[in-house]
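# Coordinate analysis (summary)
Below are the chains, spelled out letter by letter.
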Amino acid sequence: MPTALVTGATGISGNAIVQHLLGLPEWTKVVTLSRSQQIPAHPKNTHLTVDLCGATAPVVEVIKQDAQDLEYVLYCAYQADTDLDRAFEINVQMLQTFITALREAGAMNTLKRIVLVTGLKQYGVQLGQPKQPMHETDPWLEGEPWPKNFYYKQQKMLIKAAQDDGGSWSWVVTYPQDIVGVARANFMNLATALGLYASVCSSLGDGEIPFPGARKAYLAFNSWTSAKLHAEFCTWAALAPQAGNQGFNVTNGDTESWQNLWPNVVERYGGRIPPVMFPNGDTGPYGDFEAFHSVSQFTPAIALHEERIGLKGDFTGMHNEVHQQIDTVKWSQRPEVRAKWAELRDKFGLEHDSWDKATWRFVSLLLSREFSCVVSMSKARKFGWTGYVDTWDAFEETFDALEKESILPPASKLRRSE
Ligand SMILES: NC(=O)c1ccc[n+]([C@@H]2O[C@H](COP(=O)([O-])OP(=O)(O)OC[C@H]3O[C@@H](n4cnc5c(N)ncnc54)[C@H](OP(=O)(O)O)[C@@H]3O)[C@@H](O)[C@H]2O)c1
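Residues numbered from 1 in each chain as written. Predicted model: local features only at pLDDT ≥ 70, side-chain atom pairs only at ≥ 80, totals over all residues. Heavy atoms only, no water.

## Some thoughts on the domain arrangement of the protein chain
Just so we agree on the cut-off: What counts as a domain boundary in this text is fixed by an automatic or database domain assignment. Residue contacts are counted whenever heavy atoms from the two residues lie within 4.5 Å of one another. Defined here as a combined quantity, buried area equals the accessible surface (1.4 Å probe) lost by two parts on assembly, summed across both. One side-chain nitrogen of Lys or Arg within 4 Å of one carboxyl oxygen of Asp or Glu is enough to make a salt bridge.
Domain parsing of the protein chain yields domain 1 (3-178 + 225-250) and domain 2 (185-222 + 254-373 + 390-412). For domain 1 versus domain 2, the distance between C-alpha centres works out to 28 Å. Taken together, the 26 residues of domain 1 in the interface contact 25 residues of domain 2. Together, the buried faces of domain 1 and domain 2 total about 2200 Å²; carbon and sulfur atoms form 66% of this surface. Run the count over domain 1 and domain 2 and you get 2 salt bridges. Of the charged contacts, one joins E397 and K228 as a salt bridge, the two residues approaching to 2.6 Å between their closest N and O atoms.

What follows is the structure, given as structure tokens:
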């Protein structure tokens, strides 16, 4: 009869874990923790509201009562900051505060495992092209020229905390890719912004839904991570004895691309696929829209491997570029776009802040990466994980759920192509 505490319970990864655990009869108690938002009431759940960026004492006070029979922690708390140094400090401090509070609350007596959710910054995908497929055994990007990475520090803290407690509990770290899931007002949510973009495009002008990113990104290969499948993985990894003290890539198990997915998005939202998707080539603007272009200040992660793979000097000094034929941040502020959103919002009774809280810049980065981004699932499979979901099915399921939550308009009621 396992018991769990999920931090970051209202976020895209945490919310899916909470819903999954609440649905499993054998998990008798699911304590959830977040800073500001609540989760819907459930008989198996106690929700704790506390700020992990604050002092430790209030956190101890809040978790004390539920810490006495706690067995599993799923740590999904995350605070984004565009200043990378600040993001490092905040996220390291939040985990440190939480571990200290667990200890002071007496939770280590019954604790069996902590599952920490991080992601593909493990492999430096935010810096530019990585070596791929990415494997858990790939060396970490530490020291010059690599910027500080809070994922590494969090993992080291977790390993040390388990050692300090004499190995009485174990840890797991998951590395999900771009997460497809449901959450309100989180920093990184691809499906929400994508659904809003497609809904408005389909309802404007001739209903064309152009891929806003770059041609290279359209043709590249990628993996995605369903938040639901990731939740199942975390539950499996919490309990599987052989998974202890390991890090795992977690993706859907297929490799996909926008050249496959985009026509599906267009069809779902009743729009039209532009006959010439990239009228101005690889990087030019689409029609009268403003394009977005940025050059990474970092060395791409593949440079770490260039000697080993016999490509010495090919990547050092190179800087990856990001191109969007439609700058989605600027697009989202256009008067005709905002007016159409307001019309859809009022017509379908949608959440008022869906639009302003949509993560347009995050989406622009995901749709404009000019390289493939594929991880290996071999390690998880060798350890006994068999989960899989088709990526388009995961998108459809997520869009359906976001419609039910009135975050997205009902796609079936939007314009159909002739
Ligand atoms: N989103 C993606 O596509 C994606 C992809 C790969 C990896 N990841 C990684 O997955 C991990 C989890 O991120 P996520 O995307 O699931 O996060 P998220 O959706 O932004 O949710 C963050 C959660 O943390 C809570 N939180 C934030 N600040 C807090 C604080 N000071 N005290 C207590 N709780 C706080 C939030 O609570 P409130 O809502 O109440 O503020 C929310 O429940 C991160 O390492 C992230 O980099 C994310």
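## A word on the side chain of T174
Basically, it comes down to this: Helix and strand definitions follow DSSP, with helices as H or I runs of at least four residues and strands as E runs of at least two, each counted in order from the N terminus. Relative accessibility under 20% of the residue-type maximum defines a buried residue, over 50% an exposed one, and the middle range a partly exposed one, all with a 1.4 Å probe and only protein chains included. Here a polar contact is taken to be a pair of N or O atoms separated by no more than 3.5 Å, where protein atoms must pair a possible hydrogen donor with a possible acceptor and residues adjacent in sequence count only if both atoms sit in side chains.
Here T174 shows up in strand 6 (residues 170-176). Residue classification places T174 among the buried positions, given a relative accessible area of 0%. Within the structure, the side chain of T174 is placed 2.8 Å from the side chain of H230, a separation counted as a polar contact. Beyond its immediate sequence surroundings of up to four residues, T174 is in contact with V115, L116, V117, T118, G119, H230, F233, C234, F248 and V250.

## A look at the site of the ligand
To keep it simple, the criterion reads: Near residues are defined by distance, with any heavy atom within 4 Å of the molecule or strand qualifying the residue. Residue burial considers only the protein chains on display, and all accessible areas are found by Shrake-Rupley using a 1.4 Å probe. When residues are grouped by polarity, Ala, Val, Leu, Ile, Met, Phe, Trp, Tyr, Cys and Pro land in nonpolar, Asp, Glu, Lys and Arg in charged, and all others, Gly among them, in polar.
Lining the immediate surroundings of the ligand are 31 residues, of which T10, S13, S36, D51 and Y151 lie closest. Separating an oxygen atom of the ligand from a side-chain N or O atom of S34 is a distance of 3.4 Å. Residue Q37 places a main-chain N or O atom 2.8 Å away from an oxygen atom belonging to the ligand. Contact with the protein chains hides 95% of the accessible area of the ligand, taken as 920 Å² for the molecule alone. For the shell around the ligand, the class distribution of residues is 16 nonpolar, 12 polar and 3 charged. Counting contributing residues, the shell around the ligand receives three or more from each of domain 1 (3-178 + 225-250) and domain 2 (185-222 + 254-373 + 390-412).

## With respect to unusual backbone geometry
The peptide bond linking Q132 to P133 adopts the cis configuration, its omega dihedral lying at -5°. Mapped onto the elements, P133 comes out in the loop between strand 5 (113-117) and helix 4 (150-164). Omega for the peptide link from E144 to P145 comes to 0°, which places this bond in the cis form. Within the secondary structure, P145 is located in the loop between strand 5 and helix 4. The residue N245 is not glycine, and still its phi comes out positive at about 60°. Here N245 shows up in the loop between helix 7 (227-239) and strand 9 (246-250).

## Things to note about the nonpolar core
When a protein is soluble and globular, its nonpolar side chains tend to lie buried together. What counts is decided by this rule: Nine residue types can take part in a nonpolar core, namely buried Ala, Val, Leu, Ile, Met, Phe, Trp, Tyr and Cys, and a core is a set of them joined through side-chain atoms within 4.5 Å.
With 48 residues, the main nonpolar core has F211, W258, W262, Y269, W331, W360 and F395 as its most contacted residues. Counting only elements with at least two residues in this core, the list comes to helix 5 (190-203), helix 6 (215-219), helix 8 (258-268), helix 9 (328-331), helix 10 (335-348), helix 11 (360-366) and helix 13 (391-404). When residues of this core are assigned to their parent elements, the largest contribution, 9 residues, is made by helix 5. If near-sequence neighbours (up to four positions away) are discounted, W360 is found in contact with A193, L196, Y197, T328, V329, W331, S332 and W355. In this structure, L48, L116, Y151 and W171 belong to the second largest nonpolar core, which totals 46 residues.

## Considerations on the environment of S368
Take S368: it is sitting in the loop between helix 11 and helix 12 (378-382). Of the residues examined, S368 reaches a relative accessible area of 0% and is grouped as buried. C-alpha of S368 to C-alpha of A214: the two residues are 154 residues apart in sequence and 5.1 Å apart in space. With residues up to four places along the chain from it excluded, the contact list for S368 reads A214, A217, E321, V322, H323 and Q324.

## Description of the side chain of T97
Relative to the elements of secondary structure, T97 occurs in helix 3 (residues 84-104). Setting aside residues up to four positions removed in sequence, T97 forms contacts with L52, G54, A55, T56 and V59.

## Some remarks on helix 3
The condition that has to hold: A helix is expected to reach a length of 1.5 Å times the quantity of its residues less one.
With 21 residues, helix 3 ought to run about 30 Å at 1.5 Å a step, and its terminal C-alpha atoms sit 30 Å apart, in line with that. If you check which residues of helix 3 are buried, you get A87, F88, I90, N91, V92, M94, L95, T97, F98, I99, A101 and L102. Those residues of helix 3 that are buried lie in contact with strand 1 (3-7), helix 2 (56-67), strand 4 (72-75), strand 5 and helix 4. Of the residues flanking the start of helix 3, the one acting as N-cap is D83, its side-chain oxygen 3.0 Å from the backbone nitrogen of D85. Immediately downstream of helix 3, the backbone of G106 shows phi near 85°, a positive value.

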